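The chain contents come next:
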Amino acid sequence: MGKEDFLVNLSMGSNGVPVRDRSVETAHPRREVALRYGIAVAAVAVAFIARFVLASILKDQAPYLFLLPAVLLAAGVGGFGPGILATCSSVPLVFIFIANYGAVGWSEVVNGAVFVLIGVGTAWIGERLRQARILALTREAHLQSIIDIVPEATIVIDGHGIIQSFSATAEQMFGYTAAEAIGNNVTLLMPSPYREEHDGYIKRYRDTGVQRVIGTGRMAAAQRKDGSTFPMELAVGEIWSASQRFFTGFIRDLTERQGTEARLQELQSELAHVSRLTEMGGMASAIAHELNQPLAAIANYLKGSRRLLDGSTDERLAILRDAMDSAADQALRAGQIIRRMREFVSRRESERQIQSIAKLVEEASALALVGAKDRGVGVTFEFDPRVNLILADKVQIQQVLVNLIRNAVEAMEESSERSLTVRTTPADNMMIVVQVDDSGSGISEEMATKLFQPFATTKPHGMGVGLSISRTIVEAHGGQIKAEPRPGGGTRFRFTLPAVTEEEFTDARR
Ligand code: ADP
């Protein structure tokens, strides 16, 4: 590939910004060659016609003088080939003249030879100039192509702040095309107060030479064409070219980075909270273990004592027997709850198995509703017989249900009607909907927008992570969770889970 054919062959920069076409020479080399030679032929023809028109006045005087500019033009614009063509075609034309005005002598031959020598020399110099021009353009295009693919926007301004160059990334970042931006003051890209102050900064630098931004980076605000602003990191370099001062600015849009940093911080504090919760979980597990033993012992002692009372006929002892039966039952129930709690909080790998949603709901409710009956909450379960099996991590889905049910119970604390309904129904696309309805306070408009965000809570001692964790769990199972007002007051939470058909279940067991 010759320099003439140089064509920057990139259509997309590394940062996804389309790179402008940087063809140095025309993308059609044949047409370009024809143009260069065409100019040579046209220049010689024009010179010859002009000399011909003036032939009656000039006779055979200085015939080469008119053709020399044509040779210079052909060589200057077209290079060596067109220069030689112009020289060689001029000589026979001149001889036609001379022949018209008398015999051709040695002096004409010498003149012709000198003309040819000058023509060849001019063509050679013209070619060198043309090569230098192409090289400069190639370098410029090469540089521009690099500038276009660097992820920073690159903007060159002169010593008065007027934009001279505007990279493709800058076009994308600011919303101006290069044509719109070039020629404007760079303050176009700044919000107030920088806009008003920038000319002063440049002037002060021109006067004092004290560098503030140049050579160092700084954060500042930039303004897009639509008037919106964004944080940027700016690095400025200074260049002198032909005794003129230019400044090159490299701009990085910090919006994404700041967003990522904020998210990272959020995640870190979420992690800190979660690790505290895990600690608590560990403690709860240990306490559960410790409590289980004495509870079992209480149940046994009560049963033993009860047996000692058998056979006695005293009426009051009959009441005591009943009371002991009840106490033993309660101790057993407490043990059961504690066992479930231990299972629930113990650290474990996520494992998905085919589960019965009804059983899962019942177990989770037993945990979540500890104490709820004392608060007068009426609980109803409605399981649609058409759906039951799901593929899920039992403990994780129980965690979702515990969160929803506990929230529901807490939301009904101040309500006169306290009814909780957990319902399962089939949904489209082989999904099961689990719906938790309460007749509580409902969700305020403000809370509704950030319900599933971590640490969003309205409770004085709430952590605000329950719903965020629940959403993560449901989405990891391929479902969705949302909240809506319950018709008749209160809140309705619905989440979906993938259903497993009886056939799939049987296949899986084979
Ligand atoms: P926490 O219970 O620790 O506040 P959650 O993420 O579980 O955290 O809940 C976030 C918030 O959502 C609660 O503080 C409450 O304001 C609101 N909320 C959740 N469930 C209900 C509900 N059933 N009724 C009314 N508000 C609710």
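Just so we're clear, the structure is a prediction, and the values are computed from it rather than from any experiment. (Residues numbered from 1 in each chain as written. Predicted model: local features only at pLDDT ≥ 70, side-chain atom pairs only at ≥ 80, totals over all residues. Heavy atoms only, no water.)

A. Seen up close, the pattern of salt bridges. Applying the stated criterion across every chain yields a total of 16 salt bridges. The residue R252 makes a salt bridge to E152 at a minimum N-O spacing of 2.3 Å. One end of the pair, R252, is in strand β5 (residues 244–253); the other, E152, is in the loop between α5 (106–149) and β1 (153–158), with 100 residues separating them in the sequence. Put simply, E363 and K359 hold a salt bridge, and the shortest N to O gap is 3.9 Å. Of the two residues, E363 and K359 are both situated in helix α11 (residues 357–368); the distance of four residues between them amounts to about one turn of the helix. Each of E32, R36, E127 and R130 takes part in salt bridges that share partners, so that together they form one network. (Salt bridge = Lys/Arg side-chain N within 4 Å of Asp/Glu carboxyl O. Helix = DSSP H or I, 4+ residues; strand = E, 2+ residues; numbered from the N terminus.)

B. Looking closely at the sheet that holds strand β10 (residues 431–438). Sheet architecture is open: five strands sit in the order β7-β9-β10-β12-β11, paired in mixed fashion. Sheet topology places β7 (378–383) and β11 (481–485) at the edges, where each strand pairs with a single neighbour. Neighbour-to-neighbour, the strand axes of the sheet open up by a mean angle of 15°, direction not taken into account. Looking at chain direction, β10 and strand β12 (residues 491–498) are connected through eight bridges and run antiparallel. Of the residues in β12, the one forming a bridge with D437 is R492. Against the sheet, helix α12 (residues 394–411) makes contact with β9 (419–427), β10, β11 and β12, and its axis sits at roughly 175° relative to β12, the strand it touches most. (Pairing = 2+ DSSP bridges. Axes fitted to C-alpha atoms, helices over the stretch in contact; angles between N-to-C directions. Contact = heavy atoms within 4.5 Å.)

C. Region of the structure containing a nonpolar patch on the surface. Residues F80, V116, V120, W124, I125 and L129 make up a contiguous nonpolar surface patch of about 530 Å² in total accessible area. The element that contributes the greatest number of residues to the nonpolar patch is α5, accounting for five residues. Mapped onto the secondary structure, F80 falls in helix α4 (residues 80–100). (Patch = residues over 30% accessible without salt bridge, like charges linked within 9 Å, V, L, I, M, F, W, Y side chains within 5 Å. Areas by Shrake-Rupley, 256 points an atom, 1.4 Å probe, with all protein chains shown as cover.)

D. Expanded view of unusual backbone geometry. A positive phi is found at N429, a non-glycine position, where the angle reads about 55°. Inspection of the secondary structure puts N429 in the loop between β9 and β10. Judged by its relative accessible area of 70%, N429 falls in the exposed class. Of note, M430 is a non-glycine position whose phi angle comes to about 60°, a positive value. Topologically, M430 is positioned in the loop between β9 and β10. Given the relative accessible area of 46%, M430 is considered partly exposed. (Buried < 20%, exposed > 50% of the residue type's maximum accessible area, 1.4 Å probe, protein only.)

E. Spatial organisation of the nonpolar core. I397, L401, L404, I405, L420 and F495 are the most contacted members of the largest nonpolar core, which has 39 residues in total. When contributions to this core are tallied by element, the ones reaching two or more residues are α11, β8 (389–392), α12, β9, β10, α14 (466–476) and β12. Considering every element that reaches this core, the biggest residue donor is α12, with eight residues. Apart from residues lying up to four places away in sequence, I397 is in contact with L360, A392, I473, H477, F495 and L497. Counting 24 residues, the second largest nonpolar core, distinct from the first, contains A153, I155, A178 and L234. (Core = buried A, V, L, I, M, F, W, Y, C linked by side-chain atoms within 4.5 Å.)

F. Spatial organisation of the site of the ligand. Around the ligand, 21 residues are found, and the nearest of them are D438, T457, T458, K459 and G464. A distance of 2.8 Å separates an oxygen atom of the ligand from a polar backbone atom of L467. A distance of 3.3 Å separates a nitrogen atom of the ligand from a polar side-chain atom of T491. Relative to its unbound accessible area of 540 Å², the ligand is 92% covered by the protein chains. The biggest single contributor to the shell around the ligand is α12, with three residues. (Near = heavy atom within 4 Å. Polar contact = N/O pair within 3.5 Å; in protein donor to acceptor, adjacent residues only side chain to side chain.)

G. The arrangement of the environment of I163 in detail. Inspection of the secondary structure assignment puts I163 in strand β2 (residues 163–166). Sequence separation between I163 and A178 is 15 residues; the distance between their C-alpha atoms is 9.4 Å. Every residue in contact with I163, bar those within four places of it in the chain, is listed here: I155, V156, I157, A181, I182, G183, N184, N185, V186 and L189.

H. Seen up close, the packing of helix α3 (residues 63–78) against α4. Look at α3 against α4: their axes get within 7 Å of each other, and the N-to-C directions meet at 165°. Taken as axis vectors, α3 and α4 run roughly antiparallel relative to one another. Considering only the axes of α3 and α4, their crossing is right-handed. Of the residues in α4, those touching α3 at P63, Y64, L67, A70, V71, A74, A75 and G78 are F80, P82, G83, A86, T87, S90, V91, V94, F95 and I98. (Parallel < 35°, antiparallel > 145°, perpendicular 65-115°, else oblique. Left-handed = near helix turned anticlockwise from the far one by under 90°.)

I. Here's a closer look at the packing of α4 against α5. Relative to each other, α4 and α5 sit at 160°, their axes nearing to 8 Å. Classified by the angle between their axes, α4 and α5 sit roughly antiparallel to one another. In the packing of α4 onto α5, the handedness of the crossing is right-handed. Packed against α4, whose contacting residues are F80, G83, I84, T87, S90, V91, F95 and I98, the element α5 presents E108, V109, F115, V116, G119, V120, A123, W124 and E127 at the interface. Looking at the contact of α4 with α5 residue by residue, the class counts come to eleven nonpolar, four polar and two charged. (Nonpolar A, V, L, I, M, F, W, Y, C, P; charged D, E, K, R; others polar.)

J. Representation of the confidence of the model for the protein in the model. Mean pLDDT over the protein: 83, with 87% of residues reaching 70 or higher. Counted against residues more than four places away or in other chains, residues 1–19, with its pLDDT under 50, gives 40 contacts. Scored below 50 in pLDDT, residues 21–26 shows 22 contacts in the model against residues more than four places distant or in partner chains. (pLDDT = per-residue confidence, 0-100.)

K. Looking closely at the environment of I118. Within the fold, I118 resides in helix α5. Each C-alpha atom of the pair I118 and L68 lies 8.9 Å from the other, and the pair is 50 residues apart in sequence.

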